Amino acid sequence: MSMPDEAVAVPTAIGGACDERFQPVREALAENFEADDEWGASVAVFVAGRKVIDLWGGYVDSAKSQPWQRDTLVNAYSVGKGILSLLAVGCAETGELDLDAKVSSLWPEFSAHGKGHLTVRSLLAHRSGLPGVRTLLPPEAKYDWTRMCDELAGQAPFWQPDSDHGYHVNTQGFLVGEVIRRATGKPVGELLQQRIAQPLAADYFFGLPAGLHGRVSRVFAPDLAVDTPERWAMAFPPTGDAAHDEMIWRSYFNPAGISGIGSVNTKEWREAVIPSTNGHGNARAVATIYSAYLDGKVNGRSWVGPGLRAEAARPHSTGADRVLGKPSCFGLGLQLAQPSRPIGPNADSFGHFGYGGSLGMADPEAKVAFAYITNHPGQRWQTTRTMRLLDCVYACL
């Protein structure tokens, strides 16, 4: 007599290729699916400018019927802050941006409410005191570049600029992007394509062209709009410090959906330019960009020299973070390694994490450029999936 069929877990197929010595990374990516609730992801690594890992797996839809493909794109959240910082450093190399010039010299309206002394350097290092918009805005305002920039330029800061630092969760892209636009005359999404993404054949976008939406994976994250004071308080319970609570709520939830919650899978979100939060790409693209940055060249054209690369990765803001409520460490917009959040084993690594574990980084000592992009965010601070892959890469070196 035959026995009833039992459900058998089918291992997730991992596509792509890797050098033989990095085969354990393929196994680590498969383990992420089997042990840590991965949904769809890609991972890519360059060593000394040579691509040694380009892998992907999982699904892009909730029914798990559409596999992640080689050219799948997904919203990578704050990974974009790192890419934006690399673009800004390149503008400093060309002389278009003077790191020690006042922001107001490019953007006169920014001087309102005592912000006129802030330098471009300090703006990049999350020291402007503008982590959120004070005026409550309608949800559609997040798609209006001019309105967001005008609000930030004209408002009073939440702390005295340059006296302290705090993670500018959703405003950093508007602030740095507007400075870049005024310095170069080009919108930041367009400049990224012209100077970095297209020359490197890297599929990474601030403002995704409509024709590419068919390649985009859904993001599997909470989709409830956090658009009322009651819901703000559920996400970040009041601390008793009303001014602090206002800053946090406005940083994450004003305008509603600015963090991607309730908006990340929409057409409007994908086509907008919100560099702090809505850059779309995959691991191959992000690792390609970081590898070129380590080399200092884009297809043979100078990008940034070793002196400025070292300056960009020097701590400019470190210690207690007014927004995160824990230590953070930033160079010129780049996240730097710290004991509570390492980026690989070497202290001079830099890059930027994205919500729930996505990461783009570079390690000058090991000559490694690494990226991992997921459509299913995990833990907010140290995601097991990310650490498993990164640790495995270094074990294979």
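Residues numbered from 1 in each chain as written. Predicted model: local features only at pLDDT ≥ 70, side-chain atom pairs only at ≥ 80, totals over all residues. Heavy atoms only, no water.

A. Just the overall build of the protein chain, in detail. Each helix and strand in the protein chain was counted, giving 13 helices and 13 strands. Its C-alpha radius of gyration of 21 Å places the protein chain within 12% of the 21 Å reference for a compact globule of 397 residues. Each of the three principal axes of the protein chain carries a C-alpha extent, and together these read 80 × 50 × 40 Å. A total of 397 residues make up the protein chain; the buried ones form 58% of that total. For the protein chain, the share of sequence-separated contacts (at least 6 apart) that also reach a separation of at least 24 residues comes to 67%. Of the roughly 15500 Å² that the protein chain leaves accessible, carbon and sulfur atoms contribute 53%. Here the protein chain contributes 36 positively and 42 negatively charged side chains, and the mean placements of these two sets differ by 4 Å. (Helix = DSSP H or I, 4+ residues; strand = E, 2+ residues; numbered from the N terminus. Rg over C-alpha atoms; globule rule 2.2 N^0.38 Å. Buried < 20%, exposed > 50% of the residue type's maximum accessible area, 1.4 Å probe, protein only. Contact = heavy atoms within 4.5 Å. Areas by Shrake-Rupley, 256 points an atom, 1.4 Å probe, with all protein chains shown as cover. Lys, Arg positive; Asp, Glu negative; His and termini not counted. Charge placed at Lys NZ, Arg CZ, Asp CG, Glu CD.)

B. Seen up close, the pattern of salt bridges. Counting across every chain of the model gives 20 salt bridges. The partner of Arg195 in a salt bridge is Glu96, with the nearest N and O atoms 2.7 Å apart. Residue Arg195 is found in helix H7 (residues 188-197), and its partner Glu96 is found in the loop between helix H2 (79-94) and helix H3 (103-106); the two are separated by 99 residues along the sequence. Using a relative accessible area of 27% as the deciding quantity, one classes Glu96 as partly exposed. The residue Glu311 makes a salt bridge to Arg314 at a minimum N-O spacing of 3.0 Å. Under the relative-accessibility criterion, Glu311 is labelled partly exposed at 22%. Here the residues in one salt-bridge network are Asp100, Arg121, Glu311 and Arg314, joined through shared partners. (Salt bridge = Lys/Arg side-chain N within 4 Å of Asp/Glu carboxyl O.)

C. Summary view of the state of the cysteines. This structure, assessed with the given rule, holds 0 disulfides. Cysteine Cys18 remains unbridged, with the sulfur of Cys396 as its closest cysteine sulfur at 8.4 Å. Cys18 gets classed as buried once you look at its relative accessible area, which sits at 17%. Cys396 carries a free sulfur, and the closest cysteine sulfur to it, the one in Cys392, is 4.3 Å from it. The class for Cys396 is buried, based on a relative accessible area of 12%. (Disulfide = S-S within 2.5 Å.)

D. Summary view of the environment of Arg147. Relative to the assigned elements, Arg147 resides in helix H5 (residues 145-154). Residues Arg147 and Gly166, 19 residues apart in the sequence, show an inter-C-alpha distance of 23 Å. Apart from the residues within four sequence positions on either side, Arg147 is in contact with Leu137, Pro138 and Ala141.

E. Spatial organisation of the packing of H5 against helix H6 (residues 172-184). With their axes 10 Å apart at the nearest point, H5 and H6 run at an angle of 100° to one another. One element, H5, and the other, H6, form an angle in the roughly perpendicular class. Two secondary-structure elements touch here, H5 through Trp145, Met148, Cys149 and Leu152 and H6 through Gly173, Phe174, Leu175, Gly177, Glu178 and Arg181. Looking at the contact of H5 with H6, its residues break down into 6 nonpolar, 2 polar and 2 charged. (Axes fitted to C-alpha atoms, helices over the stretch in contact; angles between N-to-C directions. Parallel < 35°, antiparallel > 145°, perpendicular 65-115°, else oblique. Nonpolar A, V, L, I, M, F, W, Y, C, P; charged D, E, K, R; others polar.)

F. View of H6. In a regular helix each residue adds 1.5 Å, so 13 residues correspond to 18 Å; H6 covers 18 Å between its end C-alpha atoms and thus fits that length. Of all the 13 residues making up H6, 10 are buried; the element is thus mostly covered by neighbouring parts of the structure. For H6, the secondary structure elements touched by its buried residues are H2, H3, helix H4 (120-124), H5 and H7. Among the residues trailing H6, Gly185 stands out with phi positive, at a value near 80°. (Expected span 1.5 Å × (residues − 1).)

G. Structural detail: the environment of Gly260. Considering the arrangement of structural elements, one finds Gly260 in the loop between helix H9 (242-253) and helix H10 (267-271). Measuring from C-alpha to C-alpha, the distance between Gly260 and Thr277 comes to 7.2 Å, with 17 residues separating the pair along the chain.

H. Examining helix H11 (residues 283-295) more closely. For H11, with 13 residues, the first-to-last C-alpha span of 18 Å sits near the 18 Å given by 1.5 Å per residue. With 11 of its 13 residues buried, H11 lies for the most part within the structure. Of the residues trailing H11, Gly296 is marked for its positive phi of about 85°.

I. Representation of the nonpolar core. Membership of the largest hydrophobic core comes to 76 residues, with the highest contact counts inside it found for Ile180, Ile289, Tyr290 and Trp303. Among the elements that line this core, the one with the most residues is H2, at 9 residues. Those residues in contact with Ile289, other than ones at most four positions away along the chain, are Ile83, Leu86, Ile196, Leu200, Ala202, Tyr204 and Trp303. Counting residues in each nonpolar core, the second largest holds 29 residues, with Val25, Leu29, Phe353 and Leu389 among its members. (Core = buried A, V, L, I, M, F, W, Y, C linked by side-chain atoms within 4.5 Å.)

J. Structural detail: the packing of aromatic side chains. Enumeration over the complete set of coordinates arrives at 12 aromatic pairs. Taking the centre distance of 6.1 Å and the plane angle of 40° together, the rings of Trp232 and Trp249 count as tilted. Within this pair, whereas Trp232 is found in helix H8 (residues 229-235), its partner Trp249 is found in helix H9, the two being separated by 17 residues in sequence. An aromatic cluster is defined as three or more aromatic residues linked by ring pairs; in this entry it consists of Phe236, Tyr252 and Phe253. Between the NZ or CZ atom of Lys115 and the centre of the ring of Phe110, over which it lies, the distance is 5.3 Å. In this structure, Arg134 packs its charged tip against the face of Phe158, placed 4.0 Å from the ring centre. (Phe/Tyr/Trp six-rings, centres within 6.5 Å; stacked < 30°, edge-to-face > 60°. Lys NZ or Arg CZ within 6 Å of the ring centre and 35° of its normal.)

K. Representation of the side chain of His165 in the model. Along the chain, the position of His165 falls in the loop between H5 and H6. Within the local environment of His165, its side chain forms a polar contact with the side chain of Ser328, the two groups lying 2.8 Å apart. Apart from residues lying up to four places away in sequence, His165 is in contact with Ala125, His126, Arg127, Trp159, Ser317, Thr318, Gly319, Ala320, Asp321, Arg322, Ser328 and Phe330. (Polar contact = N/O pair within 3.5 Å; in protein donor to acceptor, adjacent residues only side chain to side chain.)

Nothing here speaks to function; it is all geometry.
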